[in-house]
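# Secondary and tertiary structure notes
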Amino acid sequence: MIIYLYDSNGFYLETKQVNEDYELGLNETTIAPSFKLNNRSRFDGTSWQDLSESAYMHEVPAPLNEKRIIPEVLKPSPNPQQQMLSQLALQQAQFQASQQKLNSQLALQLAQLTAKEAQNV
């Protein structure tokens, strides 16, 4: 006999071959999913429901589905103002990093000159 295993959210995991006298355990059923949508079937306790890709990605928590990606259609596209603000924020961060590096170099040079001058006194 073949049984079908599903996770705690009801999503199909795998099949298992068992003896005819096997007693079903938690998250197991003898009802076969249709496998129409790449194993995106969810067992509701009485039957399997096939989910679309977008519904599947929306309902399955990301850590449980490592291959989960957000389709381009569902990604919000930034408007021109958001793009400009992002570019300005990036430029500001780069400028601040350069300024910090320059300040560190100047502080080091000042410390070296002060130490050299102290030796000459």
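See the structure shown above.
Residues numbered from 1 in each chain as written. Predicted model: local features only at pLDDT ≥ 70, side-chain atom pairs only at ≥ 80, totals over all residues. Heavy atoms only, no water.

### Brief notes about the overall build of the chain
Looking only at helices and strands, the chain features two helices and five strands. Its helices and strands taken in sequence order, the chain reads β-β-β-β-β-α-α from the N to the C terminus. When burial is assessed residue by residue, the chain has 17% of its 121 residues classed as buried. Across the chain, the fraction of contacts at a sequence separation of at least 24, relative to all contacts at a separation of at least 6, is 28%. With the model as given, the accessible surface of the chain reaches about 9800 Å², and the carbon-plus-sulfur share is 54%. (Helix = DSSP H or I, 4+ residues; strand = E, 2+ residues; numbered from the N terminus. Buried < 20%, exposed > 50% of the residue type's maximum accessible area, 1.4 Å probe, protein only. Contact = heavy atoms within 4.5 Å. Areas by Shrake-Rupley, 256 points an atom, 1.4 Å probe, with all protein chains shown as cover.)

### Regarding the environment of Ile3
Relative to the assigned elements, Ile3 resides in strand S1 (residues 2–6). Along the chain, Ile3 and Glu14 lie 11 residues apart, while their C-alpha atoms are 8.6 Å from each other. Beyond its immediate chain neighbours, meaning those up to four positions away, Ile3 contacts Glu14, Thr15, Lys16, Val18, Tyr22, Leu24, Glu28, Thr29 and Thr30.

### Considering unusual backbone geometry
A positive phi is found at Asn27, a non-glycine position, where the angle reads about 60°. The residue Asn27 is located in the loop between strand S2 (12–17) and strand S3 (28–29) in this model.

### Overview of the nonpolar core
Tyr4, Tyr6, Tyr12, Phe43 and Trp48 together form the largest nonpolar core, which totals five residues. Those residues in contact with Tyr4 that lie beyond four places of it in its chain are Tyr12, Glu14, Thr15, Asn27, Glu28, Thr29, Thr30, Ile31, Ala32, Pro33 and Trp48. (Core = buried A, V, L, I, M, F, W, Y, C linked by side-chain atoms within 4.5 Å.)

### Digging into the side chain of Glu28
The topology assignment puts Glu28 in strand S3. On the basis of relative accessible area, Glu28 is assigned to the buried category, the value being 11%. A distance of 3.5 Å separates polar atoms of two side chains, one belonging to Glu28 and the other to Lys16. When sequence neighbours within four positions are dropped, the list of residues in contact with Glu28 reads Ile3, Tyr4, Leu5, Tyr6, Lys16, Tyr22 and Glu23. (Polar contact = N/O pair within 3.5 Å; in protein donor to acceptor, adjacent residues only side chain to side chain.)

### Examining a nonpolar patch on the surface
Judged by side-chain polarity, Met84, Leu85 and Leu88 come together as a nonpolar surface patch covering roughly 330 Å² of accessible area. Using a relative accessible area of 54% as the deciding quantity, one classes Met84 as exposed. (Patch = residues over 30% accessible without salt bridge, like charges linked within 9 Å, V, L, I, M, F, W, Y side chains within 5 Å. Salt bridge = Lys/Arg side-chain N within 4 Å of Asp/Glu carboxyl O.)

### Brief notes about the sheet that holds S1
Taken together, the three strands give an open sheet; going across it, the order is S2-S1-S3, and neighbouring strands pair in antiparallel fashion. The sheet is open, and its two borders are formed by S2 and S3, each paired with just one other strand. (Pairing = 2+ DSSP bridges.)

### Topic: the pairing of S1
Of all five residues making up S1, four are buried, and the element is well covered by its neighbours. The hairpin turn running from S1 into S2, its antiparallel successor, is five residues long, and Gly10 in that turn takes a positive phi close to 95°. Relative to S3, S1 runs antiparallel, the two sharing two bridges. Bridge pairing in S3 links Leu5 to Glu28.

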